[in-house]
Amino acid sequence: MTAPDPRFRRALAIPMGMAMATALAFLPNVSASAAEESPAADATSLSYVVNVSPGHGPSKHVRKAISEAGGTIVTSYDQIGVIVVHSANPDFAKVVRTVRGVESAGNTRNAPLPAQSTTDVGTPKVLSAAEVADAGAVAGQDPLEPLQWDLPAIKADKAHEKSLGSSKVTVAVIDTGVDDTHPDIAPNFDRAASVNCVTGKPDTTDGAWRPTTGESPHGTHVAGEIAAAKNGVGMTGVAPGVKVSGIKVSTTAGYFYTEAVVCGFVWAAEHGVDVTNNSYYTDPWYFNCKNDPDQRALVDAVSRASRYAEKKGAVNVAAAGNENYDLAADEITDPVSPNDGTPSDRVIDPSQCLDIPTQLPGVVTVAATGAKGIKSSFSNHGLGVIDIAAPGGDSTRFQTPAPPATSGLILGTLPGGGWGYMAGTSMASPHVAGVAALIKSTHPKASPALVKALLYAEADATPCTDPYDIDRDGKVDAVCEGPKNYNGFYGWGTADALDAVTK
């Protein structure tokens, strides 16, 4: 198993078929790596967002000021008032923030453009024919479904007897790219709603949404969890009858920068997407503090984009993170920001310094559970922050699934036609996105607000795990606050796919 890179905090890739000892190595600070290079630019240039009043595009006055400050406009999202700019002037943001009509402005990164490094995540093991046969599927199941303990955990297996979801519903995977040639993904892939947004500007070149050879399998894994077709091949997704699209936003070096995330949300909004899945945080700051003018601009830009997507009909679902943080605490020590510069231990107030898009208003924030149905050892939590919980996996040392499943992690699709295990709140979020897609299939005219209301109302109330001593060493590993029907570990409860298709 490749050692986890501290920049990525959403999932851990574990090749299918690895020894059980591999799963025991799972720790809270693991995550996925990522894909695709940033746009070509001068080696000393940085990228910026300049936020103005939405609706009319940047005025001549603002355009002139950007140019005079040494900036070049890459693209402008007029509908939300976000302008993407490149500039080699280190004082660009400071200068532009003084311009009449500019509401906020900030650099989206600390590393010069373009990022050249790559992250080696290893090659996940593709199941052999013998391993597929050993899964022991019965009539009505896809071959690998017996290994998916996560489906019965949210009653998805029972839901599929009633409905597989509607092909008129699309879930966008805003992530590291999706391999739409995978036999479990191809039948449900929505090509028209797919794009590469890495530069902050949509690239609609055929296949640009795919991860290239050696890039992260993260987005492909997520896509399979949501909508792997029930077609007699491989595994089954939570909503195997809905469509899935790929919106690639991650650089080769593994960063999900603001301009790419903004592009992703706006693209989803403009292409009829019903649900977006966001299993990442927006780099380079794990938490973006609103009292910092640069970070405030990033919160502003992503907030505008996510709100716009919801206004256009999308339910935005996001992973809560993998550090076992209490996001409702008075303070948290963030040791990784900025992750493309020189990080330092900084103490932040999570009510004022936000993990985006996870903590943005309107976004469904998802915690992870393991095979025993309790909070995963790594999952972030927090009363009033976590909205809902779903399977994200855990080490088999902590939560072992019932046979025939053998791994406590989550099975998903891998680029190139394979399948493998990963774990993290990255894997919990797509379960909820899939359930939201089933709700939208059942109630096609439901607004995002109604879909979310049903998602929470139909969740299975899950009481606090108290005391929470996941490693059984006699010490409390996290504190859960709140009653059975709404608490800091599970929010409104564990997602319920059966209710999604019957109520």
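Residues numbered from 1 in each chain as written. Predicted model: local features only at pLDDT ≥ 70, side-chain atom pairs only at ≥ 80, totals over all residues. Heavy atoms only, no water.

Draft legend 1. Just helix H2 (residues 60-68), in detail. Burial in H2 covers these residues: Val62, Ala65 and Ile66. All buried residues of H2 project into a common sector of 100° when viewed along the axis, lining one side. Opposite the buried face of H2, by more than 90 degrees, sit the exposed residues Lys60, Lys64 and Glu68. If you follow the buried residues of H2, they end up packed against strand S2 (46-52), strand S3 (71-77), strand S4 (82-87), helix H3 (92-96) and strand S5 (102-107). (Buried < 20%, exposed > 50% of the residue type's maximum accessible area, 1.4 Å probe, protein only. Helix = DSSP H or I, 4+ residues; strand = E, 2+ residues; numbered from the N terminus. Arc of directions from axis to C-beta. Contact = heavy atoms within 4.5 Å.)

Draft legend 2. Summary view of the confidence of the model for the protein. Per-residue pLDDT for the protein has a mean of 89; in total, 88% of the residues score no lower than 70. Segment residues 12-43 is flagged for pLDDT under 50; beyond a separation of four residues in sequence, or across chains, it makes 122 contacts in the model. (pLDDT = per-residue confidence, 0-100.)

Draft legend 3. Region of the structure containing the packing of aromatic side chains. Inspection of the entire model under this criterion finds 12 aromatic pairs. Seen from their ring centres, Tyr281 and Tyr286 are 4.7 Å apart, and the 25° between their planes marks the pair as stacked. Grouping residues by exposure puts Tyr281 and Tyr286 together as buried. Here the aromatic cluster, defined as three or more aromatic residues joined through ring pairs, consists of Tyr281, Tyr286, Phe287 and Tyr325. (Phe/Tyr/Trp six-rings, centres within 6.5 Å; stacked < 30°, edge-to-face > 60°.)

Draft legend 4. Main features of the nonpolar core. Counting residues in hydrophobic clusters, the biggest one holds 51 residues, and the most contacted among them are Val317, Val364, Val366, Ile388, Val432, Val435 and Leu455. Among the elements that line this core, the one with the most residues is helix H10 (residues 425-442), at nine residues. When residues no more than four places from it in sequence are discounted, the contact partners of Val364 are Val315, Asn316, Val317, Ala318, Asp387, Ile388, Val432, Lys452, Leu455 and Tyr456. One finds Val195, Phe256, Trp285 and Ala309 within the second-largest nonpolar core, a separate group that totals 39 residues. (Core = buried A, V, L, I, M, F, W, Y, C linked by side-chain atoms within 4.5 Å.)

Draft legend 5. Molecular detail of the environment of Met422. Looking at the element boundaries, Met422 is found in strand S18 (residues 418-423). The exposure class of Met422 is buried, given its relative accessible area of 1%. Residues Met422 and His218, spaced 204 residues apart in sequence, show a C-alpha to C-alpha distance of 8.5 Å.

Draft legend 6. Highlighting H10. The terminal C-alpha atoms of H10 lie 26 Å apart, and with 18 residues this matches the ideal 26 Å at 1.5 Å per residue to within 8%. Of all 18 residues in H10, 17 are buried, a share of seventy percent or more. (Expected span 1.5 Å × (residues − 1).)

Draft legend 7. Focus on the sheet that holds S2. One open sheet accounts for four strands, arranged S3-S4-S2-S5; its pairing is antiparallel. With partners counted over all chains shown, the strands left at the sheet margins are S3 and S5, one partner each. Along the sheet, successive strands turn relative to each other by an average axial angle of 20°, direction set aside. Across six bridges, S2 lies against S4 in antiparallel orientation. When the sheet's bridge partners are listed, Ser47 is paired in S4 with His86. The strands touched by helix H8 (residues 258-270) are S2, S3 and S4; relative to S3, the strand with the most contacts, the crossing angle is about 25°. (Pairing = 2+ DSSP bridges. Axes fitted to C-alpha atoms, helices over the stretch in contact; angles between N-to-C directions.)

Draft legend 8. Quick peek at the state of the cysteines. Scanning the model with the defined rule gives three disulfides in all. The disulfide bridge from Cys464 ends at Cys480, spanning 2.1 Å between sulfur atoms. Given an S-S torsion of about -65°, the disulfide between Cys464 and Cys480 has left-handed geometry. You can see Cys464 sitting in the loop between helix H11 (448-458) and helix H12 (497-502) and its partner Cys480 sitting in the loop between H11 and H12, a full 16 residues away along the chain. Classification of Cys464 by relative accessible area gives partly exposed; the value is 21%. Listing the disulfide partners of the protein by sequence rank of the bonded cysteines yields 1-2, 3-4, 5-6. (Disulfide = S-S within 2.5 Å.)

Draft legend 9. Local environment of the sheet that holds strand S15 (residues 364-369). Strand order across the open sheet formed by seven strands is S7-S8-S6-S9-S11-S15-S16, with parallel pairing between neighbours. The open sheet is flanked by strand S7 (195-196) and strand S16 (388-391), the only strands paired with a single partner. Bridge analysis of strand S6 (residues 170-175) against strand S9 (residues 275-278) gives four bridges, and the strand direction is parallel. Bridge assignment links Ile174 to a residue of S9, and that residue is Asn278. Of the strands in this sheet, S6, S9, strand S11 (315-319), S15 and S16 touch H10, which is tilted by about 120° from S15.

Draft legend 10. Molecular detail of the pattern of salt bridges. Counted under the stated rule, the structure contains 14 salt bridges. The partner of Arg191 in a salt bridge is Asp206, and the shortest N-O contact between them spans 1.9 Å. On the criterion of sequence distance, the pair formed by Arg191 in the loop between S6 and S7 and Asp206 in the loop between S7 and helix H7 (218-227) is long-range, its members being 15 residues apart. For Asp206, a relative accessible area of 49% translates into the label partly exposed. In this structure, Lys452 engages Glu310 in a salt bridge whose closest nitrogen and oxygen atoms are separated by 2.9 Å. Placement of Lys452 in helix H11 and of Glu310 in helix H9 (residues 293-311) is noted, with a sequence separation of 142 residues between them. Linked by salt bridges that have partners in common, Glu103, Asp300 and Arg304 make up one network. (Salt bridge = Lys/Arg side-chain N within 4 Å of Asp/Glu carboxyl O.)

Draft legend 11. How the structure looks around the environment of Asp460. Mapped onto the elements, Asp460 comes out in the loop between H11 and H12. In this structure the C-alpha to C-alpha distance between Asp460 and Thr494, which are 34 residues apart in sequence, comes to 5.0 Å. Discounting chain neighbours no more than four positions away, the residues touching Asp460 are Lys155, Trp492, Gly493, Thr494 and Asp496.

Draft legend 12. Region of the structure containing unusual backbone geometry. Across the junction of Ile356 and Pro357, the peptide omega takes the value 5°, indicating a cis bond. Relative to the helices and strands, Pro357 is located in the loop between strand S14 (353-354) and S15. Here the amide bond leading from Asp466 into Pro467 is cis, since omega sits at 0°, within 30 degrees of zero. Following the sequence through the fold, Pro467 ends up in the loop between H11 and H12. Even without glycine at this site, Lys155 takes up a positive phi of about 65°. Although it is not a glycine, Asn324 sits at a positive phi angle of roughly 60°. Mapped onto the elements of the fold, Asn324 is located in the loop between S11 and strand S12 (332-334).

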